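# Remarks on the overall topology
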Amino acid sequence: MALTAAWALYQWEKKPSWQRLTLSGILFGIALMIKFSAGLLLPAMLAEMFLATRVGSDRPRLFLRSLAIWLAGVTGTAGALAAMFGVGGLSLLIGTHVVVQEIPGLARPGDFPFPTTFFAFHADGYLCCAAGLWLVYSRRLWPTAAFPLLLLATAAAAHVWHRPWWIYYYLHLAIPVAWLSSIFVSLTELNSTLRRVSS
């Protein structure tokens, strides 16, 4: 759901309108109420919104206006969902994310760290990702790669600290790794096509 919110944000970039921006906020609000881990996308979303704002002396003002519209969608959705549950609805929605639960067989959260063996299992993906990072650096593609770069940095930082680490959390790393890998693959394929056409 959070990635759907990101998709709506990209649609707003292509054709700016308050409706598309609000839709992105609504979708992100739903995603947060489903799972707080959607918040990992927040730095990337805000950076993308800022980069999409027209460059100029009034850029901060335009960004803050866009941010206000987007946040209105997020908070309005959270409020609407809470209202559906009546009095105490917001506490009910948030409580499921923050209440500590005893899990049978789990002695300490620290007993379940991130398994570094995953890097070896998916070495090809990480090599492509590294190649994508090199292309981003060498060709100064920072604006294009801002979203996956920030998502990867945020997810990596969160999972260095967060315990326990469950297997499905790997998706938080796999998505930006695949995204950055696709930059390498697409640019390599483009260069290959151009060479074939020129010859």
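Since this is a predicted model, take the numbers as computed values, not measurements.

Turning our attention to a nonpolar patch on the surface. A surface patch of nonpolar side chains, about 390 Å² in accessible area, is lined by W134, Y137 and W142. Classification of W142 as partly exposed rests on a relative accessible area of 40%.

With that settled, consider the packing of aromatic side chains. According to the stated counting rule, one finds seven aromatic pairs in the structure shown. Measuring from ring centre to ring centre gives 5.7 Å for W134 and Y137, while their planes differ by 40°; the resulting arrangement is tilted. Taken together, the residues W134 and Y137, both in helix α7 (residues 123–138) and three residues apart, mark about one turn of the helix. Owing to a relative accessible area of 55%, W134 belongs among the exposed residues under this scheme. According to the relative accessible area criterion, Y137 is partly exposed, its value standing at 44%. Counting every residue linked through ring pairs, the aromatic cluster contains Y10, F147 and W179. The positively charged end of R59 is found above the aromatic ring belonging to F50, 4.3 Å away from the centroid.

Bringing the pattern of salt bridges into the picture now. With the rule as written, the count across this model stands at one salt bridge. Between D58 and R61 there is a salt bridge, and its shortest N-O distance comes to 3.5 Å.

Tracing the sequence through the fold places W165 in the loop between α8 (142–161) and α9 (170–198). Note on W165: relative accessible area 5%, which makes it buried. Counting along the chain gives 50 residues from W165 to P115, while the straight-line C-alpha distance between them is 8.6 Å.

Right, let's get into the confidence of the model for the protein chain. In the predicted model, the protein chain carries a mean pLDDT of 81, and 78% of its residues have values of at least 70. Mean pLDDT values over the elements of the protein chain span from 57, in helix α5 (residues 89–98), up to 92, in helix α3 (residues 42–52).

Of note, A174 is situated in helix α9. Among the residues examined, A174 registers a relative accessible area of 29% and is labelled partly exposed. Between the C-alpha atoms of A174 and L152, which are 22 residues apart in sequence, the distance is 8.7 Å.

Relative to the assigned elements, T77 resides in helix α4 (residues 59–84). With residues near it in sequence (within four places) discarded, T77 still touches I26, G29 and I30.

Okay, the side chain of S181 next. Locating S181 in the fold gives a position in helix α9. Discounting chain neighbours no more than four positions away, the residues touching S181 are G125, C128 and C129.

A word on the packing of helix α1 (residues 2–14) against helix α2 (residues 18–34). Two elements in contact, α1 and α2, have axes whose closest approach is 8 Å; the angle formed by their N-to-C orientations is 170°. As summarised for this structure, α1 and α2 are arranged roughly antiparallel, according to the angle between their axes. The residues of α2 that touch α1, namely those facing A2, T4, A5, A8, L9, Q11 and W12, are R20, L21, L23, S24, L27, F28 and A31. Grouping the constituent residues of the contact of α1 with α2 by class yields 10 nonpolar, three polar and one charged.

So, about unusual backbone geometry. Positive phi values are uncommon outside glycine, yet R140 reaches one of about 55°. Position of R140 among the secondary structure elements: in the loop between α7 and α8. The exposed category is assigned to R140, whose relative accessible area is 53%.

Within the sequence span of α3, burial applies to A44, M45, A47, E48 and M49. Next to the buried residues of α3 lie α1, α2, α4 and α8.

Calculation rules
- Residues numbered from 1 in each chain as written.
- Predicted model: local features only at pLDDT ≥ 70, side-chain atom pairs only at ≥ 80, totals over all residues.
- Heavy atoms only, no water.
- Patch = residues over 30% accessible without salt bridge, like charges linked within 9 Å, V, L, I, M, F, W, Y side chains within 5 Å.
- Areas by Shrake-Rupley, 256 points an atom, 1.4 Å probe, with all protein chains shown as cover.
- Salt bridge = Lys/Arg side-chain N within 4 Å of Asp/Glu carboxyl O.
- Buried < 20%, exposed > 50% of the residue type's maximum accessible area, 1.4 Å probe, protein only.
- Phe/Tyr/Trp six-rings, centres within 6.5 Å; stacked < 30°, edge-to-face > 60°.
- Helix = DSSP H or I, 4+ residues; strand = E, 2+ residues; numbered from the N terminus.
- Lys NZ or Arg CZ within 6 Å of the ring centre and 35° of its normal.
- pLDDT = per-residue confidence, 0-100.
- Contact = heavy atoms within 4.5 Å.
- Axes fitted to C-alpha atoms, helices over the stretch in contact; angles between N-to-C directions.
- Parallel < 35°, antiparallel > 145°, perpendicular 65-115°, else oblique.
- Nonpolar A, V, L, I, M, F, W, Y, C, P; charged D, E, K, R; others polar.

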